[in-house]
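Residue-level listing of the chains:
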Amino acid sequence: MPQLFEEFKGRDLIKQSTVELDRLKTILNGDPISVYAGFDPTKPSLHVGHLIPIMILSHMQKAGHRPICIVGGGTAMIGDPSGKDSMREMLTNETLENNVRGIRGQLSKFIDFSNEKALLINNYDWLGFENYIDFIRRIGPHFTVNRMLAAECFKIRMEKGLSFLEFNYMILQAYDFYTLFMKYNCQLQIGGDDQWSNIIAGVELIRRIEGKEAFGMTNPLLTRSDGKKMGKTEGGAVWLDPELTSPYDYYQFWRNTADSDVVKFMKIYTFMSLDEIAKFSSLSGEELNSAKEILAYEATKIVHGTIEADKAREAAKNIFSAGNIADAPGVEIPAGEVIGETVSALCVKAGLFSSKGEAKRMIEQGGLSMNGIKVTDPLKIIDNTDINKGLITLKKGKKVFLNIEIS
RNA sequence: GGGUCAGUGUCCGAGUGGCUAAAGGAGGCAGACUGUAAAUCUGCUGGCGCACGCCUACGGUGGUUCGAACCCAUCCUGGCCCA
C-alpha cells in the first residue's frame, strides 16, 4: 500500500501546494494532523462536483489524519465570488439549516465521524457571534486591500463589479482556517484550485497573527475531456442525494463517461487501488466499455452502498444488454389517466417530456418507442392493448427508459 | 449624490415602432453512424387540442400609439466616470 503522498500523486490529486512537494510529502506521510475543507451549503445536497475534496479527506482519514469539514453556514450567507461572474442569491436561515443537515448525512458516507475521528463544524458557530468592530480591528490589519484585489479570484469580478459583501468572503474563509488552527490545531486546508487565493489568505493570516506555519493544498479542477464542467448533465447537476438523482441515474452518469476520462475518473472517484487501475490504462477502444461499468459500479457503491450499486448495475445490464426493461425506473399512474390519452400526453404526465409540444416533436422525429415499437403518431390513443401486465414501457432516445405502472 | 450607459429566451448576444416567438452562437434533446464513448452530419429547441389559431415573453409599473422589446414617465438592479 503506497503512502498517502504517493497515493495522491498517483491519482493526480495535487495541483498546488503552499510548500514544496518533498515537504508536503513528509507532512502527508507523517504524524496525524487535522485537515480541513469547506463546503458551501447553498443547496440541500452535494453533487459530483464536490466529490474531489471529499475523496481527499477520505483518503486522509484512512491514512490516520483527522478531517474537519466546515459546512459554511456563516460564509454561505456571504457567497463565494470565486469563479462567479455575478452575485449569488442570498439564502434564508431556514434553507441554510436544512441544507447543512442534508450535507452532513452525505459526508458521513465518505468520512467516519464517530468518536471524533472527524469533525463536522458549522462556521456560523463563531462567525455568527463576531462583533464587527472587534473583528475588523483584530483581523483587518493583516490584510491589505491591494493584495486582495490582486487575487485571481477577484479578477473577473473587477470588470463586472464586486460587492463589499463578497469581498469579505476571503477574509472570512481565512478566519475559519485561523480559528480551526487555534481550536483544533488544524494545519492543512485543502480545496479546489479555485480556492487557492482563499487558502493562502488563511495560511498568511495564521503566520501573521501567530507566527506559525500552516499549509494549503489544492486539487485540480476537473473538466471532462469534452471541456464540460464535471457533474453537469442535461438535467443539471448530478446529486448525491438519491431523491434528487436516483442511484440508477447516478450509475448511468458514470457509465456514460467518455473513453478518455475513464482511467482518470477511476483514480479520483473510486477507492480502487492504483495497481488495479493500471490494468485498465492499457485498454483502448471498445475494451474500455467494460472499464466504464466498473467505474460506474465503484463510484455508485461509495455513495449509495453495495445494494443500490448492485441494483443499478443489474438494471443497466438487463435494460441495455438483455433488452429487458422491467428494471428501468418506473412511475405509477392510475389507469383512468392513461386509457384514452394520447401518447404525447402520457409522456408528459410520466415526466419524460416537459411539454406536449416537445413530446410531439420528438415522436415525429422518431425519438420515442412504446413497448419496444417506435411510435410515429403523437396523437395515438392509448388503449388496453398497449398495456402489458400492467405496464407500458417507454423509451426516449437510445438510453432513457421508463416503465409506467398502471394502477 | 451628479453624469452616463445598460438590463432580451437555459446562457451569451443581435434587434431600436408593424415583416419579432424575437437573428446568430453556446448549451440541450432527438435522428443517422456506434461501444450506453468521442468525432461528424441532420432536425428540433416558450406554452396550448401546437399546419392556418390563441396565450405568455424582451427588469417592474403606468402612459403615448390602430400597433411597442423598441417611444415617454417613473421605479428597481448593475456597469463606467465624477464626488
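These numbers come from a predicted model, not from an experiment. (Residues numbered from 1 in each chain as written. Chains lettered and ligands numbered in written order. Predicted model: local features only at pLDDT ≥ 70, side-chain atom pairs only at ≥ 80, totals over all residues. Heavy atoms only, no water.)

(A) A look at the side chain of Glu298. Checked against the element boundaries, Glu298 lands in helix α15 (residues 288-320). When sequence neighbours within four positions are dropped, the list of residues in contact with Glu298 reads Thr270 and Met272. (Helix = DSSP H or I, 4+ residues; strand = E, 2+ residues; numbered from the N terminus. Contact = heavy atoms within 4.5 Å.)

(B) Local environment of the sheet that holds strand β12 (residues 391-396). Taken in spatial order, the five strands make up an open sheet running β9-β13-β12-β10-β11, and their pairing is mixed. Looking at strand neighbours, the two that pair on one side only are β9 (330-333) and β11 (373-374), the edges of this open sheet. Here two bridges tie strand β10 (residues 368-370) to β11, and the two strands are oriented antiparallel to one another. Note on β11: the bridge partner recorded for Met370 is Ile373. Sheet strands touched by helix α16 (residues 343-350): β9, β10, β12 and β13 (400-406). Its angle to β9, the strand with the most contacts, is close to 115°. (Pairing = 2+ DSSP bridges. Axes fitted to C-alpha atoms, helices over the stretch in contact; angles between N-to-C directions.)

(C) Looking closely at the environment of Glu405. By secondary structure assignment, the location of Glu405 is in strand β13. A relative accessible area of 33% places Glu405 in the partly exposed class. Not counting the four nearest positions on each side in its chain, Glu405 is found in contact with Gly330, Val331, Glu332, Ile333, Gly390 and Leu391. (Buried < 20%, exposed > 50% of the residue type's maximum accessible area, 1.4 Å probe, protein only.)

(D) A look at the pattern of salt bridges. Considering all chains together, one arrives at 17 salt bridges under this definition. For Glu130, the salt bridge is made with Arg138, and the minimal N-O distance between the two is 3.3 Å. For Lys349, the salt bridge goes to Glu341, with nearest N and O atoms at 3.3 Å. By sharing partners, the salt bridges in this structure join Glu337, Glu341 and Lys349 into a single network. (Salt bridge = Lys/Arg side-chain N within 4 Å of Asp/Glu carboxyl O.)

(E) Broad picture of the packing of aromatic side chains. Here the structure, examined in full by the defined rule, presents 11 aromatic pairs. Consider the rings of Tyr36 and Phe177, whose centres lie 5.7 Å apart with planes at 55°: the pair is tilted. One end of the pair, Tyr36, is in strand β2 (residues 34-39); the other, Phe177, is in helix α10 (residues 169-184), and 141 residues separate them in sequence. One exposure class covers both Tyr36 and Phe177, and it is buried. When the centroid spacing of 5.5 Å and the interplanar angle of 85° are considered together, the rings of Phe265 and Tyr269 count as edge-to-face. (Phe/Tyr/Trp six-rings, centres within 6.5 Å; stacked < 30°, edge-to-face > 60°.)

(F) Spotlight on the packing of helix α13 (residues 262-269) against α15. Where α13 meets α15, the closest approach of the two axes is 10 Å, and the angle between their N-to-C directions is 20°. Overall, the two elements α13 and α15 adopt an arrangement that is roughly parallel. The handedness of the crossing between α13 and α15 is left-handed. Facing α13, whose interface residues are Val262, Phe265, Met266 and Tyr269, α15 presents Leu288, Ala291, Lys292, Ile294, Leu295, Ala299 and Ile302. Residue composition of the contact of α13 with α15, grouped by class: 10 nonpolar, no polar and one charged. (Parallel < 35°, antiparallel > 145°, perpendicular 65-115°, else oblique. Left-handed = near helix turned anticlockwise from the far one by under 90°. Nonpolar A, V, L, I, M, F, W, Y, C, P; charged D, E, K, R; others polar.)

(G) The arrangement of unusual backbone geometry in detail. Here Asn115, not a glycine, exhibits a phi torsion of approximately 50°, which is positive. The phi angle at Lys389 is positive, at roughly 50°, despite the residue not being glycine. Mapped onto the elements, Lys389 comes out in the loop between β11 and β12.

(H) Quick peek at helix α3 (residues 51-62). Across its 12 residues, α3 extends 16 Å between first and last C-alpha, which sits within 8% of the 16 Å expected from 1.5 Å per residue. The element α3 is largely enclosed, with a buried count of 11 among its 12 residues. Listed in full, the buried residues belonging to α3 are Leu51, Ile52, Pro53, Ile54, Met55, Ile56, Leu57, Ser58, His59, Met60 and Gln61. Phi for Gly64, located one or two positions after α3, is positive at around 105°. (Expected span 1.5 Å × (residues − 1).)

(I) View of the side chain of His47. Along the polypeptide, His47 turns up in the loop between β2 and α3. Of the residues examined, His47 reaches a relative accessible area of 16% and is grouped as buried. Ignoring anything within four residues of it in the chain, the contact list for His47 reads Ala237, Val238, Trp239 and Leu240.

(J) Representation of a nonpolar patch on the surface. The grouping of Tyr132, Ile133, Ile136 and Phe164 at the surface amounts to a nonpolar patch, some 430 Å² of accessible area in total. Looking at the nonpolar patch element by element, the count peaks at three residues for helix α6 (residues 132-139). Among the secondary structure elements, Ile136 is positioned in helix α6. The exposure class of Ile136 is partly exposed, given its relative accessible area of 36%. (Patch = residues over 30% accessible without salt bridge, like charges linked within 9 Å, V, L, I, M, F, W, Y side chains within 5 Å. Areas by Shrake-Rupley, 256 points an atom, 1.4 Å probe, with all protein chains shown as cover.)

(K) View of the packing of α6 against α10. Remark: α6 packs on α10, axes separated minimally by 12 Å, with the N-to-C direction vectors making an angle of 80°. Here α6 lies roughly perpendicular to α10, going by the angle between them. Between α6 and α10, the residues in contact are Phe135, Arg138 and Ile139 and Ile171, Leu172 and Tyr175, respectively. When its residues are assigned to classes, the contact of α6 with α10 shows five nonpolar, no polar and one charged.

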